[in-house]
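# A look at the structure
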Amino acid sequence: MMTVKQVSELTGVSIRTLRYYDSIGLLSPSVRTEAGYRLYDDTAMERLQQILLFRELGFPLADIVRILSSPDFDRQKALSQQIELLELKRQRLGEIIDLAREIKDKGAKAMDFKAFDRSKIEEYSKRAREEWGDTEAYKEFEKKDAGRTAEERDSLAAGIMAIFAEFGTMKSGKPDSPEAQAQVKKLQDYITDNMYNCTNEILAGLGKMYAAGGEFTENIDKAGGEGTAVFAADAIAVYCSDK
């Protein structure tokens, strides 16, 4: 058993933070003595390792609480996914260091921004959360998608790209226009009918993802022209803020 002070000294996590983790149900001490001391056993320390790995990868505390509390949580599977994410993070950091050195040697002429692309890490994080099955939306999508053929999946993808192509014809206007807002409703209904119940909360998250860069943004802009992803995201933000 270790006291909260010993845990803090060993891990670098402040006593205040450990107490906060306890208050939100993320990491409770294994034993509380009659004198009120918090004591942590090996199981608690293993859980703290998981928490720190998730924090290193940028997971919000609310997500970590949900993941570690899930009955489907598999520590070994989580570790494998965390390792792959950390490898991606290390690769990205190495690319940024190489870019910084190139800028130092060549000055502003080294106009390479690929090192700052977080799409691989963010996409993998999304898939990892989905694999833990912690969202009803993903479970619904799995159920609907299970019986589809490759042709049906292609048709579904083409349908959503057609909606973004229509967004592209509107991007010279305003995202709060009746036309743009009707198009957002069309997108939401399409996702609900074919994938999962697309609530306004989910839709708002999708909008941010569409404009965040990476493959999603590139594919949407291919369908509707440059700027379509950002316009669609802005229209979605207006739509969801009014609900």
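A short tour of the structure in this document, coming up. If you're wondering where the values come from, they're calculated on a predicted model, not measured in any experiment.

Rules used throughout
- Sequence order as written defines the numbering, with residues in each chain counted from 1.
- pLDDT decides what is reported in this predicted model: residues at 70 or higher carry local features, side-chain atom pairs at 80 or more are listed and counted, and totals for whole chains, interfaces and linings draw on all residues regardless.
- Side-chain numbers come from the whole structure's heavy atoms, not from hydrogens or water.
- Numbering of helices and strands runs from the N terminus, with a helix taken as a DSSP run of H or I at least four residues long and a strand as a DSSP run of E at least two residues long.
- For every residue, the accessible area obtained with a 1.4 Å probe (protein chains only) is divided by the maximum for its type, and the residue is called buried under 20%, exposed over 50%, and partly exposed between those limits.
- Note on contacts: a residue pair qualifies if any of its non-hydrogen atoms lie within 4.5 Å across the two residues.
- To measure how exposed things are, a 1.4 Å probe is used in the Shrake-Rupley method; for residues, cover is taken only from the protein chains shown.
- Definition of nonpolar core: a set of buried residues of the types Ala, Val, Leu, Ile, Met, Phe, Trp, Tyr and Cys, connected through side-chain atoms within 4.5 Å.
- Note on pairing: two strands pair once DSSP finds at least 2 bridges between them.

### Notes on the overall build of the protein chain
Within the protein chain one finds 12 helices and three strands. Here the protein chain, with 243 residues, has 35% of them falling under the buried criterion. When contacts within the protein chain are restricted to residue pairs at least 6 apart in sequence, long-range pairs at least 24 apart make up 60% of them. As presented, the protein chain carries roughly 14,700 Å² of accessible surface, and 53% of it is formed by carbon and sulfur atoms.

### Regarding the side chain of Gln-50
Within the secondary structure, Gln-50 is located in helix α3 (residues 42-56). Since its relative accessible area comes to 3%, Gln-50 is described here as buried. Beyond its immediate chain neighbours, meaning those up to four positions away, Gln-50 contacts Leu-68, Phe-73, Arg-75, Ala-78, Leu-79 and Gln-82.

### Re the nonpolar core
With 25 residues, the main nonpolar core has Phe-164, Phe-167, Leu-187, Ile-191, Leu-203 and Tyr-210 as its most contacted residues. Contributions of two or more residues to this core are made by α8 (150-168), α9 (178-194), α10 (200-210) and α12 (228-241). It is α12 that contributes the most residues to this core, seven residues altogether. Aside from chain neighbours lying at most four places away, what touches Leu-187 is Ile-160, Ile-163, Phe-164, Phe-167, Leu-203, Tyr-210 and Ile-236.

### Points about the sheet that holds strand β3 (residues 38-40)
Spatially, β1-β3-β2 is the arrangement adopted by the three strands of the open sheet, whose pairing is antiparallel. Looking at strand neighbours, the two that pair on one side only are β1 (2-3) and β2 (31-32), the edges of this open sheet. Taken together, the two bridges between β1 and β3 define a ladder with antiparallel strand orientation. Among the inter-strand pairings, Met-2 is bridged to a residue of β3, identified as Tyr-40.

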